[in-house]
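# Structural description and commentary
The primary structure of each chain is shown beneath.
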Amino acid sequence: MTDYRKLWSDLGMDLEKHDRLTSALPLIYEEVYLQQPDRPQAMEYFDLVVAEIHSLRIAELVEHRRRGGKVCGAFCVFVPVEIIRAAGAVAVGLCGGSQFWVPDGERVLPRNLCPLIKASVGARLSGTCPYFQSCDLLIGETTCDGKKKAWEVLGEYAPVYVMDLPQMKRPQDLAAWRGEIELFLARIEELTGYRVTPERLAEEIRLQNRLRQALERLYQTRKADPVPISGKDALLVTQVSFYDDPRRFIDKTEVLAAEAEARIASGQGVFPSGAPRILVTGTPMAIPNWKLHHIIETAGAAVVCEETCTGTRFFEHQVDETGRTLEEQLQALAERYLKINCSCFTPNPGRLEDIFRLVEAYRVDGVIYYNLQFCHGYAVEYYAVEKALKARGIPVMKVETDYSEEDTGQLRTRVEAFLEML
Ligand code: BJ8
């Protein structure tokens, strides 16, 4: 049996602090997840992943590195994981979703900064995240100002490579992004010592497309009324996709989607038919950030879709698989990734179009705009989203919050009032 304490200690972790972090999780998980009635049986796998979040997958990463492999950590859905894997490395998502890490982040970052950035940097500084500790290279990107400056700080603690993401979507921006992807490929090849061949890249493009399709299939089931799976469970599945082994994740998600489809066929749901249906749009929810979904769903509404980077922005759009040369494949990757509608782009009309499309497809009664505190891009974009939704008679409310529990009561009151008027 693996001695995880030794493994964590070998990764240079602060074991005492780590014990404090992990001791809180089972209680929270019990309350937020395990007490939900009628959950699909296939969620058992995802429960296991959370229960073993710092052990089973970490042992796999350690073994990969023991055999000479590399691990790369990313903080944004713009990072093309296909390239990382085609060069023989493992890709993991590193966005911090826990309040536990925020104070450590605030040691080096301003307090009035997005909690996702503070928690991500704090996770590294505190030595309590084995994923961070397992990374040979951290991949940052120039999306929002907070992130791009945080990489400079993080670079003092670990090797960081930054991808320069354009902030517009003109042809010259696509060309620049394509060039950036080429540089990225060269950096990853240098890290691993392997050349990325068109054959290997084609394999990883197909694999990541399959992963996207598995999530898409699961999301399709959420269009049903009654909805066969809770928003909290669907969110967890997407969160897990960022660090699980991709092949295993695809298998387990397909089993879950098949179960959800069978539930639809038999009319089985996790909320009564006719329960208010909510679209959450806005900033990502990194694990274990389940705060808003928990409030909404314990108030009697179902979250049926997330227009976020831990939702549709992560898995919509496939990479074209017809490219045979590296040039064609890199172009296909650049085109697919540049379709993501993050608020760091100006203008960003595609996001509005996505929201309308999803409101219709998922038969949404109301939209809750989720804004992590101090995320200015999404906060400013609320103006356009609210105006457009109101013009179409779609109820919308904005929630601005952080990872702490301090405002939970107040948020609950506001969400309940919003649900009542739907
Ligand atoms: S593509 S949303 S994952 S940058 S860190 S922007 S919440 S202030 S995470 Fe993001 Fe990529 Fe865009 Fe998606 Fe705001 Fe916080 Fe910045 Fe954030």
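Here we summarise the structure given alongside this text. In this text the structure is predicted, and so the values were computed from the model without any measurement.

Our next topic: helix H13 (residues 246-265). Over its 20 residues, H13 runs 28 Å from end to end, which matches the ideal 28 Å to within 8%, given 1.5 Å per residue. Pro-246, Phe-249, Ile-250, Thr-253, Leu-256, Ala-257, Ala-260 and Arg-263 are the residues of H13 that are buried. Along the long axis of H13, the arc covered by the buried residues comes to 140°, so they all point the same way. H13 presents Val-255 and Ala-265 as exposed residues on the side facing more than 90 degrees away from its buried surface. On its buried side, H13 packs onto helix H3 (43-51), helix H5 (81-86), helix H11 (198-221) and helix H12 (231-241). Phi turns positive one or two residues past the end of H13, at Gly-267, with a value near 75°.

In this structure the tally under the stated criterion is 36 salt bridges. The salt bridge involving Asp-19 is made with Arg-5; its shortest N-O contact spans 3.0 Å. Pair noted here: Asp-19 is in helix H2 (residues 15-34) and Arg-5 is in helix H1 (residues 4-10), with a separation of 14 residues, a long-range link. Take Asp-19: its relative accessible area is 31%, and that puts it in the partly exposed class. Ionic pairing is found between Arg-217 and Glu-261, a salt bridge with its closest N-O pair at 2.8 Å. Highlighted residues: Arg-217 in helix H11 and Glu-261 in helix H13, separated in sequence by 44 residues. Through salt bridges that share partners, Arg-57, Glu-60, Asp-244 and Arg-248 make up one connected network.

This part is about the site of the ligand. The full set close to the ligand counts 15 residues, and Cys-76, Cys-144, Cys-309, Cys-342 and Cys-375 are the nearest of them. Here the residues of the shell around the ligand sort into twelve nonpolar, two polar and one charged.

Right, let's get into the pairing of strand S3 (residues 137-141). Within S3, five of the five residues are buried, which leaves the element mostly enclosed by the surrounding structure. Neither face of S3 is left uncovered, since the one carrying Leu-137, Ile-139 and Glu-141 and the one carrying Leu-138 and Gly-140 both have all their residues buried. As defined by bridge partners, strand S1 (residues 71-74) adjoins S3 across three bridges and the pair is classed as parallel. In the sheet register, Ala-74 faces S3, and the bridge partner there is Ile-139. The sheet contact formed by S3 and strand S4 (residues 160-163) spans four bridges and is parallel. Bridge pairing in S4 links Gly-140 to Val-162. Regarding the hand of the β-α-β motif, the stretch spanning S3, helix H9 (residues 145-154) and S4 is right-handed.

Moving on to the packing of H12 against helix H14 (residues 291-298). Where H12 contacts H14, the two axes come as close as 9 Å, and the packing angle between them is 160°. The angle between the axes of H12 and H14 places the two elements in the roughly antiparallel class. The two elements H12 and H14 meet at a crossing, and its hand is right-handed. Facing Gly-231, Lys-232 and Leu-235 of H12, the residues of H14 in contact are His-293, His-294, Glu-297 and Thr-298. The residue makeup of the contact of H12 with H14, split by class, is one nonpolar, four polar and two charged.

This part takes up the packing of H3 against H12. Running from N to C, H3 and H12 cross one another at 55°; their axes reach a closest spacing of 10 Å. Relative to H12, the element H3 is oriented oblique. As H3 packs across H12, the resulting crossing turns out to be left-handed. Only Asp-233, Leu-236, Val-237 and Val-240 of H12 make contact with H3, whose side of the interface consists of Met-43, Phe-46, Val-49 and Val-50. When its residues are assigned to classes, the contact of H3 with H12 shows seven nonpolar, no polar and one charged.

Attention now moves to the packing of aromatic side chains. Two measures describe an aromatic ring pair: the distance that separates the ring centres and the angle between the ring planes. All chains considered together, the criterion is met by 15 aromatic pairs. Centroid distance Tyr-29 to Tyr-33: 4.8 Å. Interplanar angle 15°. Geometry classified as stacked. Residue Tyr-29 and its partner Tyr-33 are located together in helix H2, separated by four residues, close to a single helical turn. Grouping residues by exposure puts Tyr-29 and Tyr-33 together as buried. Taking 6.0 Å as the distance between ring centres and 85° as the angle between the ring planes, the aromatic pair formed by Phe-78 and Trp-177 counts as edge-to-face. Here Trp-177 lies in helix H10 (residues 171-192) and Phe-78 lies in the loop between S1 and H5, a separation of 99 residues in the sequence. Each member of the pair, Phe-78 as well as Trp-177, carries the same accessibility label: buried. The aromatic ring of Phe-345 is capped on one face by Lys-169, whose charged end is 4.5 Å from the ring centroid.

Our next topic: the side chain of Thr-308. Assignment of secondary structure puts Thr-308 in the loop between strand S6 (302-307) and helix H15 (312-315). A distance of 3.1 Å separates the side chain of Thr-308 from the backbone nitrogen of Thr-310, its partner in a polar contact. Among all residues touching Thr-308, those that are not within four sequence positions of it are Val-280, Thr-281, Gly-282, Thr-283, Pro-284, Arg-313 and Phe-314.

Cut-offs applied
- Residues numbered from 1 in each chain as written.
- Predicted model: local features only at pLDDT ≥ 70, side-chain atom pairs only at ≥ 80, totals over all residues.
- Heavy atoms only, no water.
- Helix = DSSP H or I, 4+ residues; strand = E, 2+ residues; numbered from the N terminus.
- Expected span 1.5 Å × (residues − 1).
- Buried < 20%, exposed > 50% of the residue type's maximum accessible area, 1.4 Å probe, protein only.
- Arc of directions from axis to C-beta.
- Contact = heavy atoms within 4.5 Å.
- Salt bridge = Lys/Arg side-chain N within 4 Å of Asp/Glu carboxyl O.
- Near = heavy atom within 4 Å.
- Nonpolar A, V, L, I, M, F, W, Y, C, P; charged D, E, K, R; others polar.
- Pairing = 2+ DSSP bridges.
- Right-handed = clockwise from strand over helix to strand, strands pointing away.
- Axes fitted to C-alpha atoms, helices over the stretch in contact; angles between N-to-C directions.
- Parallel < 35°, antiparallel > 145°, perpendicular 65-115°, else oblique.
- Left-handed = near helix turned anticlockwise from the far one by under 90°.
- Phe/Tyr/Trp six-rings, centres within 6.5 Å; stacked < 30°, edge-to-face > 60°.
- Lys NZ or Arg CZ within 6 Å of the ring centre and 35° of its normal.
- Polar contact = N/O pair within 3.5 Å; in protein donor to acceptor, adjacent residues only side chain to side chain.

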